[in-house]
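Below are the chains, spelled out letter by letter.
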Amino acid sequence: MAGDREKPAAPPPPPPSPTSSAPERVARAVEAVAAAGEFRNAYRRQLLALSRRIRLLGPFAEELRERRRVDEKEERALAPLAAALERALDLLRLGRDGSRISLVFERDRIMKKFQEVIAQLEQALCDFPYNELDISDEVREQVELVHTQLKRAKERVDTPDDEFYNDLISLYNKTYDPSAELAILESLSEKLHLMTITDLTQESLALHELVTSGGGQDPGEHIEKMSMLLKKIKDFVQTHNPEMGPPMTSKVMESNGEQKSVIVPDEFRCPISLELMKDPVIVATGQTYERLCIEKWLASGHHTCPTTQQRMANTTLTPNYVLRSLISQWCETNGIEPPKRSSQPNKPTPACSSSERANIDGLLSKLCSPDPEEQRSAAAELRLLAKRNAHNRLCIAEAGAIPLLLSLLSSSDLRTQEHAVTALLNLSIHEDNKASIMSSGAVPSVVHVLKNGSMEARENAAATLFSLSVVDEYKVQIGGTGAIPALVVLLSEGSQRGKKDAAAALFNLCIYQGNKGRAIRAGLVPLIMGLVTNPTGALMDESMAILSILSSHQEGKAAIGAAEPIPALVELIGNGSPRNRENAAAVMLHLCIGEQQLVHLTRAHECGIMVPLRELALNGTERGKRKAVQLLERMSRFLVQQQEEQESHSRLQAASAQVLPQPPEQVPENEIPDQIDSPASQYPMLL
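What you are looking at is a predicted structure, and each value in this text was computed from that prediction instead of being measured.

Caption draft 1: Structural detail: the state of the cysteines. Applying the stated criterion across every chain yields a total of zero disulfides. Of all cysteine sulfurs in the structure, the one in C293 sits closest to C270, which takes part in no disulfide; the separation is 4.1 Å. A relative accessible area of 0% means that C270 is categorised as buried.

Caption draft 2: Broad picture of the packing of aromatic side chains. Per the stated rule, a full pass over the model turns up one aromatic pair. With a centroid separation of 6.3 Å and 35° between ring planes, the pair formed by Y43 and F114 is classed as tilted. Taken as a pair, Y43 in the loop between α1 (22–34) and α2 (44–55) and F114 in helix α6 (residues 107–126) lie far apart in primary sequence, 71 residues in all. A relative accessible area of 5% places Y43 in the buried class. By relative accessible area, F114 is classed as buried at 5%.

Caption draft 3: Representation of the packing of helix α24 (residues 496–510) against helix α27 (residues 540–550) in the model. One way to put it is that α24 packs onto α27 with a least axis distance of 10 Å and a crossing angle of 20°. As the angle between them shows, α24 and α27 are arranged roughly parallel. In this structure, the crossing between α24 and α27 has a hand that is left-handed. In this structure, α24 contributes K500, A503, L506, F507 and C510 to the contact, and α27 contributes E542, A545, I546, I549 and L550. Residues of the contact of α24 with α27, tallied by class, amount to eight nonpolar, no polar and two charged.

Caption draft 4: Here's a closer look at empty space enclosed by the protein. Inspection of the entire model under this criterion finds two cavities of 30 Å³ or more. Its volume calculated, the largest cavity comes out at about 40 Å³. Considering the residues around the largest cavity, the lining is formed by N41, Y43, L47, L91, L94, G95, L103 and I110. Among the elements that make up the lining of the largest cavity, the one with the highest residue count is helix α4 (residues 72–97) (three residues). Per-class residue counts for the lining of the largest cavity are six nonpolar, two polar and no charged. Quantified by volume, the second largest cavity comes out at close to 30 Å³. Lining the second largest cavity, in full, are E138, E141, A586, L589, H590, I593 and K627.

Caption draft 5: Up close: the confidence of the model for the chain. Here the chain averages 80 in pLDDT, and 82% of its residues register 70 or above. Scored below 50 in pLDDT, residues 343–351 makes 11 contacts in the model with residues more than four places away or belonging to other chains. Every residue in residues 667–687 is under pLDDT 50, and counting partners more than four places away or in other chains gives zero contacts.

Here is what the cut-offs are and how they apply
Residues numbered from 1 in each chain as written. Predicted model: local features only at pLDDT ≥ 70, side-chain atom pairs only at ≥ 80, totals over all residues. Heavy atoms only, no water. Disulfide = S-S within 2.5 Å. Buried < 20%, exposed > 50% of the residue type's maximum accessible area, 1.4 Å probe, protein only. Phe/Tyr/Trp six-rings, centres within 6.5 Å; stacked < 30°, edge-to-face > 60°. Helix = DSSP H or I, 4+ residues; strand = E, 2+ residues; numbered from the N terminus. Axes fitted to C-alpha atoms, helices over the stretch in contact; angles between N-to-C directions. Parallel < 35°, antiparallel > 145°, perpendicular 65-115°, else oblique. Left-handed = near helix turned anticlockwise from the far one by under 90°. Contact = heavy atoms within 4.5 Å. Nonpolar A, V, L, I, M, F, W, Y, C, P; charged D, E, K, R; others polar. 1 Å grid on protein atoms, 1.4 Å probe; cavity = no way out; pocket = protein on both sides within 12 Å on 5 of 7 lines; lining within 4 Å. Points joined across faces, edges and corners; volume = space filled by probe spheres on them. pLDDT = per-residue confidence, 0-100.

Put into C-alpha cells, the structure is as follows:
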C-alpha cells in the first residue's frame, strides 16, 4: 500500500439532556467525558482518575447507542447511573473550566464533591441489574472493573497538597516572607499550570465568569484578592519569560504617529498574544486567532485549538472578514491607525512550486476532457505525484482534484478507474485530505470500485477505506455503505496484498460495535477461521486480531463457537507469536463465558490447555498474562466443579447400593399353592 498514514478526532458530543431516556443520558455523558479535554489545575490527578474510569464505560455506551427501543425496566435500571454520570460530568467541567485559583480556595468543598460523585457512581454500579440488560460478557466485565476501581477509590481518602494551599493563602492574606515571594510564585504558577499566555487568559475569563454568575451582586473582597493573586502570578511569569507576550494593556499607533495606551475589546484581541488582531483567521473549531500566532502554534506541532483544547479536524485558516472590518471601524472611531496586515502572510511552505502547481492545474483540466486517453494519462500522473510526498498530496487536494477523481470512479475504462482510486488512496494518507474526501461523498463510489473494478483497483479501494477508517466517526459512515460484505469477498478471493488490505480495513471497521454484526452476517467468521487453520499461516496476525474483536459480540461468539475453534486456539496459545497468543487467549475467554461455556471448557481441557495457559500467564504480553490468569481461574473452577460432581455421583451410587432392598428368597417350586386367592374372586362372575 502506498505511503504513510496519519489521524484526527470528532468534535465533542452535546451535553446529555435530562429529558432524554436513561440509556441515551448514560451514552451521552460517557461520550462527553471522553471529549472533555485537558485538566490543568491543582486537582489534575483526581480529575484524570475520575475521567479515566468513566471512559472505560465507552464500550457500554456504544452498546446502549445501538438500542432502538428502551422499555420501562431498562429505564429504571439505568436512571441512577445516568444521574451519577451527569453529576460527574458537571464536576469534570468545573475542573476543566473553573477558576484554578478559586478551586484551591474551595478545596474542602471540591474534595467533598469528589467523594460524593465517586460514592454515587459506585452505588449505581453496585446495584446494577446486569441480568435485566442484554449486554455482552466483555462489556459486563469492563463495567465490573470500573465498579471495583470506584469501590477502591471510595475507601481511600485523597488528601490535597497542604503546602500548596498554605502558599496560596499566605499570598492571599499577605502574610508571606517577602524574601520567599519569588519562590512561592514560581511554585504556584507550576502547580496551577499558569505558565502560558493562554492559561493566564483562561484563568482571567474564569474569574470574570465568577463575577457574572453572581447574579449582579457585588463580587466583594474575595474576587478582588483572587484577581490580585492572578496579576502577581502573571507579572512573575512574564518577567521570567519575556517571549510570552505583552501585558494586557496594548499600545496602538495614532494617526499622528504617536503611541497611545488603550483598552482593546477582548473580542478584538488574539487569544494567544492578547494583541489587537491584524489578520484574524478562523480555525476548524470556529475560534478566531491572529494568523501569525496560530501558524506558529501549528508549526510547533500542536494539533489542538488553544482556546477549547479540541483536536482540530484540519489546519485550514479562513479569513474572518467581518471581524477585520469591525476592528477597522473601531480604530477609526478611536482615532487610531488601523493595523496593517503584512503583505506576505507567514504561510507554511507551499506544497508545490509555481511550475508544479501549473502542471497540476493542467492535469485537472485533462481530467475534465471528453477524450478518455487524456483522462487516463492525467489520472496516472496525479497518482504518481500524490505518491511522491506529503506536499504534493496537500497541493493536489487544494487545487480541487478530489471531486474530479471521484467522478472517474464510475468510468467504463478500468485503467482510468484504477488510476483514479489509487490517486485518492495516496491523497487520503494526508491527514487534512481525509475530511475533504469524506465530505465529497466518496465512500459509495469507492465501494463501487471495490465491487466491480479490476483486481488492482479493488485492492486499492480496500486500502483507501482502510486509510479513511482510522477516523472513528468515519467507521460508522463506511460501515453503512455496503463496504463490509465487499471487503469480505475481497478477503476471500484477492491477491495476498489485497487480502491484507481487506483484513486491515475490516479490523478498523469492526472496532465500532455496530459494524461487528454486519461483518458476521457477511460470513467473515468462517472465512477467518479458515485462515487461522491454514497450514501456511498466511494472514494469521490479521485473522487473530479480527477474531479477537468479533468474539466480544454475541453473534460473533456463537459463529466462532460453531466453527470448532478450540484445538486451533489451544495450539496458538502454546506456540503462536506473542500477539497471536494473547488474541487466542482473549477469544477463548469470551467463549468460556456464557451459554456454551461448559462445552468449550470441556473441549479446552481435553486439548490440554492448562500447560500453555500457565506458561502464557508467566511469560506472555501484559494483556496475554491478564487473559491467561482469567482463563486459568475459570478452568480451575470448572475442574473443581467437575471433580465435586464426580465425587457426589460416586457417593450417591454407594449410598444407593446400601439402601436397596435385598432380593426375596426363592420359594421352592413345589411349595407354591395351586390356587391363590384373589380379590377378584370376591365379586360375582358375570355371564
